[in-house]
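Listed below are the residues making up each chain.
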Amino acid sequence: MSDTNTLIENRPPSVATLFLERVEMAPDAEAFRYPVPPASGKGPDEWRSLSWRQASERVLAIAAGLIDLGVRPEERVAVASSTRLDWILSDLGILCGGAATTTIYPTTNAEETAFILADSGSRVLIAEDAEQLNKARERGAELPQLAHVVVIEEADAKSVAGDPDGWVISLAELERRGAAYLEKKPDSVRERIESITGDQLATLIYTSGTTGRPKGVRLPHDNWSYLARAIEATGLVAREDVQYLWLPLAHVFGKVLISGQIGVGHVTAVDGRVDKIIENLPVVRPTYMAAVPRIFEKVYNGVASKARAGGGAKYKIFQWAAGVAREYAKASQDNFRRTGNRSVPFGLAAQHAIADKLVYSKLRDAFGGQLRAAVSGSAALAPDIGFFFAGAGIHILEGYGLTESSAASFINPGEAYRTGTVGKPLPGTEVRIADDGEILLRGPGIMEGYHGLPEKTAEVLEPDGWFHTGDIGELSSDGYLRITDRKKDLIKTSGGKYIAPAEVEGQFKAVCPFVSNILVHGADRNFCTALIALDEPTLTQWASEHGLEGKPYSEVVASQQVQELVSGYVSRLNEGLQRWQTIKKFRILPRDLDIEHGELTPSLKLKRPVVEREYKHLIDEMYAGSREA
């Protein structure tokens, strides 16, 4: 048996056990960094550290506090908070207490929050602040099983008239209660941890979905223990690494990064404030980070916009450098595939060296200057954007997984990564492609099933363990997977041609530096159309240089100048498409798509049915007068 197999097959039953092992192995090593805003409210944040021992003191106190509140093994404790250190410590406390974490996005409205709390049967809610607390208060009559709300922000934990005595307490108070409980019963938490079995429920994550009510995905302890060991076995992350974690921890992608950290033992700097990413990167100086494609698209568009604002000469240099980066990355990866080294032709290497001094080095500095690799997941990254970053020395390793597979099923293998693919299966995960092209997965990361929905579980999970992902893909002869589309998103034109809209949409994002979101439509139609939402900051900068300064954004996007601007990029897109894929008509949306309007999931995936329903009038307008109308 190989060392990798030994590592995975001899895994402990839970991440709680792994956490205690990590604490015992390196108690004084740095585990977390977190920002503390200045008391005055002005100036930069102060970043502080927590060792594994200090983290464990808080985790064990939280676990004991929950036990003292009467929480039993596998009972659910919900967390509704933005990404912050307290989220991680609360989650670990829940797991070490033998309970199961229900995750809730802080952006979730009161109605859906109540649905998740009720459907999961959560006994305790750990709420970030008054806003999250009030969601439970609003729907309290529907939540008779909710015994307590623990509020992270102590100032927001004050009870108000109508709250039962002790129903609301602060996280600090929970930890104090836990510390007192441990004085009386010092072995209580360790006994809970030792009694955990691998098949015991650890996490209930509700899929944001694109239609209907979210489904609760049941992930047992063994899923996270397996992924901790599998990530360690890939060798992609080392103990010396510094991870910058900002992803929402209510999402499975963020959650798996914590398991990986505990398995490997590296440092994680955690701050979920998206508006602080640009400010934090040069301070944290991460060696690796994970993100969704939209972040890389925004960085790319921002760099292009800044170059354009610098005048024609600067923009031409950027465009040249971007082309060199893509050519260099493709040549380097092709040569590595054939020969095992990344050499490129001399002339290209010389151009790349010049472009590096002019453009790429500044881009790397913006990421903190130490970034070895970034992991991209949750949705497809446009290959041209991936090649641009690769050529600029920011290596984006695409991965693949679903909530139902505990996030991580595939990852690109370090130096041998291939842009445009999601890499190879994690050790211990099996894959096969069904006759219709659907990707099937089997392994220790696959969910137990959907909470309280046996019929829905049976639709996707076969008795022999094969999970139907709903994604269409292709496997190379040496095991690299390429995702082509969601099975349900494939569209068939009235002419009988199949089109993968995500593929066309990804190509447009690489061509047009102004786009934020795009939806390609064409099912049962005789041609394809597109709804295009533009990136407001990037377009506003352009507008100020083209006689549209000071005008409302909705007026800018409706202007003839912007119509002509986008039309040019659509024409460029169409040059690289098959005839039946080309976009014949498009409409620019009056604003960007967002989570608040229900058009994007919290992980920034497009909710196609919602967008198509909301903008049906624009779609109908594009097909008016055609033969099918």
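Everything below is about the structure shown above.
All values reported here derive from a predicted model rather than from experimental measurement.

Draft legend 1. Looking closely at helix α22 (residues 616–623). For α22, the set of buried residues is Leu618, Ile619, Met622 and Tyr623. Buried residues of α22, viewed axially, fall in a sector of 135 degrees; they line one side.

Draft legend 2. Region of interest: the packing of aromatic side chains. Summed over all chains, the structure comprises 14 aromatic pairs. On the basis of an interplanar angle of 50 degrees and a centroid distance of 6.1 Å, the ring pair of tyrosine 300 and phenylalanine 318 is categorised as tilted. Taken together, the residues span a long stretch of sequence, with tyrosine 300 in helix α12 (residues 293–309) and phenylalanine 318 in helix α13 (residues 312–339) at a distance of 18 residues. What makes phenylalanine 318 buried here is its relative accessible area of 5%. Residues tyrosine 300 and phenylalanine 388 carry aromatic rings whose centres are separated by 5.0 Å and whose planes lie at 75 degrees to one another, so their mutual orientation is edge-to-face. One end of the pair, tyrosine 300, is in helix α12; the other, phenylalanine 388, is in helix α15 (residues 383–391), and 88 residues separate them in sequence. Assessed through its relative accessible area of 7%, tyrosine 300 is described here as buried. By relative accessible area, phenylalanine 388 is classed as buried at 0%. By the ring-pair criterion, three or more aromatic residues cluster together here, those being Phe296, Tyr300, Tyr315, Phe318, Phe367, Phe388 and Phe389. One residue, lysine 215, lies across the ring of tyrosine 450, its end atom 5.1 Å from the ring centre. Above the ring of tyrosine 623, the side-chain terminus of arginine 525 is found at 4.1 Å from the ring centroid.

Draft legend 3. Local environment of the sheet that holds strand β24 (residues 515–521). Spatially, three strands are ordered β24-β25-β26 in an open sheet, and the strand pairing comes out mixed. Each end of this open sheet is capped by a strand with a single partner; those strands are β24 and β26 (583–588). Strand-to-strand twist of the sheet, defined as the mean angle between neighbouring strand axes without regard to direction, takes the value 25 degrees. Sitting on the sheet, α22 touches β24, β25 (528–534) and β26, and the angle it makes with β25 is about 140 degrees.

Draft legend 4. Looking closely at the environment of alanine 180. With respect to the helices, strands and loops of the structure, alanine 180 is situated in helix α7 (residues 171–184). Along the chain, alanine 180 and aspartate 68 lie 112 residues apart, while their C-alpha atoms are 9.6 Å from each other.

Draft legend 5. Spatial organisation of the pairing of strand β17 (residues 430–433). Taken together, the four bridges between β17 and strand β18 (residues 438–442) define a ladder with antiparallel strand orientation. Its bridge partner being in β18, arginine 432 is matched across the sheet by leucine 440.

Draft legend 6. Quick peek at the sheet that holds strand β21 (residues 481–486). The strand order across the open sheet formed by four strands is β17-β18-β20-β21, and the pairing between neighbours is antiparallel. Two strands lie at the open edges of the sheet, namely β17 and β21, each paired on one side alone. Across the sheet, the mean angle separating the axes of adjacent strands is 50 degrees when strand polarity is ignored. Bridge count between β18 and strand β20 (residues 467–475): three bridges; the pairing is antiparallel. By the bridge assignment for β20, leucine 441 is matched with phenylalanine 467.

What counts, and where the lines are drawn
- Residues numbered from 1 in each chain as written.
- Predicted model: local features only at pLDDT ≥ 70, side-chain atom pairs only at ≥ 80, totals over all residues.
- Heavy atoms only, no water.
- Buried < 20%, exposed > 50% of the residue type's maximum accessible area, 1.4 Å probe, protein only.
- Helix = DSSP H or I, 4+ residues; strand = E, 2+ residues; numbered from the N terminus.
- Arc of directions from axis to C-beta.
- Phe/Tyr/Trp six-rings, centres within 6.5 Å; stacked < 30°, edge-to-face > 60°.
- Lys NZ or Arg CZ within 6 Å of the ring centre and 35° of its normal.
- Pairing = 2+ DSSP bridges.
- Axes fitted to C-alpha atoms, helices over the stretch in contact; angles between N-to-C directions.
- Contact = heavy atoms within 4.5 Å.

Scope: geometric values only; no functional claims are made or implied.
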